[in-house]
Amino acid sequence: MPTTLVNPQKYKKFMYSTTPKKKRLGIEIEANIPVDIYIVQVSDLQDWRDSRDYGGISFQSTKLVDAQINIPKGFESDWYLIIENPNEKPAAVHYDLFDL
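Overview of the structure.

Cut-off values and rules
For every chain, the first residue of the written sequence is number 1, and numbering continues from 1 along that sequence. In keeping with the predicted nature of the model, local features appear solely for residues at pLDDT of at least 70, side-chain atom pairs appear and are counted solely at 80 or more, and the whole-chain, interface and lining totals rest on all residues. The basis for the side-chain values is all heavy atoms of the structure; hydrogens and waters are excluded. In this description, strands pair whenever DSSP reports at least two bridges between them. Strands here mean DSSP runs of E at least two residues long; helices mean DSSP runs of H or I at least four residues long; both are numbered from the N terminus. Each residue gets one of three labels from its accessible area relative to the maximum for its type: buried under 20%, exposed over 50%, partly exposed in between, using a 1.4 Å probe on protein chains only. Only heavy atoms enter the contact rule, under which two residues are in contact if any of them lie within 4.5 Å. A 3.5 Å cut-off defines polar contacts: any pair of N or O atoms within that distance qualifies, except that in protein one atom must be a possible hydrogen donor and the other a possible acceptor, and neighbouring residues in sequence count only when both atoms are side-chain atoms.

Considerations on the pairing of strand E6 (residues 91–99)
Relative to E6, strand E1 (residues 3–6) runs antiparallel, the two being bridged by four bridges. Across the sheet, Val6 pairs through a bridge with Ala91, a residue of E6. The pairing of strand E3 (residues 24–41) with E6 spans seven bridges and is antiparallel. Across the sheet, residue Leu25 finds its bridge partner in E6, namely Asp99.

Have a look at this one:
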C-alpha cells in the first residue's frame, strides 16, 4: 500500500486507468488525520479545481475508507485519485485502488 504525505491546505493527485469493461473499483485509504478524497475524471479536473462541488465521487473528512464503488456508465477510463488535506498539519496517507 503506497504512502504519501500531503501538506496542510494542499492536495495530491494520482492518475489511474480503469480496465475496460470493469464496473467496480475497490478503494482503501487510511490517514492519520481527516482528509478529503475525490475520484475525478480527467475531463472534470478543471471543474474540480474551480469548485469542489463538481458532482463526482468523494469521501469527505475521513481517516478511513474501505469501499467498493460502482463505476457510473460513461465514466472515463482515465481519472485521478485526489487526496486533499484541509487541516493545519501534514497528513500521512496510505492508499490503494484496484479493479474488482
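Once the structure has been displayed, the description carries forward.
What about the environment of Gln60?
As for its position among the elements, Gln60 is in strand E4 (residues 57–70). You can call Gln60 partly exposed: its relative accessible area is 45%. Sequence spacing of Gln60 and Val35 is 25 residues, and the spatial spacing of their C-alpha atoms is 6.8 Å. Not counting chain neighbours up to four residues away, the residues in contact with Gln60 comprise Val35, Asp36, Ile37 and Tyr38. Here the side chain of Gln60 touches Tyr38 through a polar contact of 3.5 Å, side chain to side chain.

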